[in-house]
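# A structural walkthrough
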Amino acid sequence: MITTTLRGSRIAGIATAVPERCCGIPELAALFGQEEASKLAKSTGVFQRRIAGDGLCTSDLCLAAAVRLLKDLAWDPATIQGLIFVSQTPDHRLPATACVLHGKLGLAKGCVAFDVNLGCSGYVYGLWLASQFVQASGLSRVLLLAGDTITRYLSDKDRSTFPIFGDAGTVTAIESAQESEMAFALATDGVGAAHLLIPAGCCRVPHSPETAQQRERENGNWRSDDDLYMNGAEVFAFTLREVSPLIDTILAVARWERGSVAHFVFHQANRFMLDYLANKMKLPPEKVPLTLAEYGNTSSASIPLTISGCLREKLSQSIPQKMVLAGFGVGWSWGACAIEMGSLVLPPILEVPEP
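All values derive from a computational prediction rather than experimental measurement.

Rules used in this analysis
Residues numbered from 1 in each chain as written. Predicted model: local features only at pLDDT ≥ 70, side-chain atom pairs only at ≥ 80, totals over all residues. Heavy atoms only, no water. Helix = DSSP H or I, 4+ residues; strand = E, 2+ residues; numbered from the N terminus. Contact = heavy atoms within 4.5 Å. Polar contact = N/O pair within 3.5 Å; in protein donor to acceptor, adjacent residues only side chain to side chain. Expected span 1.5 Å × (residues − 1). Axes fitted to C-alpha atoms, helices over the stretch in contact; angles between N-to-C directions. Parallel < 35°, antiparallel > 145°, perpendicular 65-115°, else oblique. Left-handed = near helix turned anticlockwise from the far one by under 90°. Nonpolar A, V, L, I, M, F, W, Y, C, P; charged D, E, K, R; others polar. Pairing = 2+ DSSP bridges.

Moving on, we come to the environment of Glu351. Tracing the chain through its elements places Glu351 in strand β15 (residues 350–352). Once residues lying within four places of it in the same chain are set aside, the contact partners of Glu351 are Val18, Glu20 and Arg50. Polar contacts involving the side chain of Glu351 include one to the side chain of Arg50, which spans 2.9 Å.

So, in structure tokens, the structure goes:
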């Protein structure tokens, strides 16, 4: 596991945008029946999700969040020197969606912009990259945009994925700050790549009429090879195996006692999984904020969305709060950040209508 402490940068603000369209238990009941829908919601902890319809992309959600945050921060777009877009649902195969967003935000030509193809761990990796730029390259302001519209890759006949995932886009404003520091712990195990993936639609297995054909799979689920596949048992085993040691490692790197941390913000994967982790690590429920019930699993957006949805009042105050942020999943890829956060600009979660 890679561990490091980076100094000289702080989070100035976070904004989140979600699609206006909701999908809840009534919609699930129409697909799976009322009893099954209620059972699925209870087991996953997801009672409602936001769904991006045709024409609404991850970049649109991130753009709406970025426009609002720049306004609330009173940052001139010309002063942004870096833009990182973390997503597994880009606008196009090429160009990079970061370049598209750079143009729409009207950033200066001297701004660096690029995409990062990561999911559940992507927000933590993005913070690490942005902080590296501030420390090593002397950039003063960087925007980290993270989000996914993964629901367009779900089969509505697949109980293992369709009731869980939702869509969201976020932006985090990072600026230089001499006294601030962030500790990171990052890891990868590519052996797990086969357990959470979309098998077809890219260069290894191009999209075709055959890959688009839905077929019956395990446990009576139906999906095509163009749809997201998740081996829930393997995801659960990976999470239990790696996340608790990850938290121990990041606390050791930061030299923090577990009890001194105000909040542990985990990737919002599954309610049962997060409750199990919290119990295993003896974390009080009030220190583990959750947004699964309202928004589901929003991939790389889930950590900043949870901060926006649950911690606005506390983190807007000037008193710094010790926070541990942890993302884990697709890849396998996982990472954690220990950071003190306070005096943040945190607008309410925005709702974006379909075009």
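Picking up where we left off.
Let's shift gears to helix α5 (residues 122–137). The terminal C-alpha atoms of α5, which comprises 16 residues, lie 21 Å apart, in line with the 22 Å expected from a rise of 1.5 Å per residue. In the stretch just after α5, Gly138 is the one whose phi turns positive, near 75 degrees.

Viewed as axis vectors pointing N to C, helix α1 (residues 25–32) and helix α2 (residues 34–44) meet at an angle of 130 degrees, and their least axial separation amounts to 7 Å. Comparing the axis directions of α1 and α2 gives the class oblique. The hand of the α1/α2 crossing is right-handed. Contacts between α1 and α2 pair Ile25, Leu28, Ala29 and Phe32 from the former with Gln34, Glu36, Ala37, Leu40 and Ala41 from the latter. Looking at the contact of α1 with α2 residue by residue, the classes come out as 7 nonpolar, 1 polar and 1 charged.

On to the pairing of strand β1 (residues 2–19). Where β1 meets strand β7 (residues 168–188), 14 bridges bridge the pair, whose relative direction is antiparallel. If you follow Ile14 over to β7, its bridge partner there is Thr172. One ladder, built from 3 bridges, connects β1 with β15; its direction is parallel. Bridging from a neighbouring strand, Ala17 pairs with Leu350 of β15.

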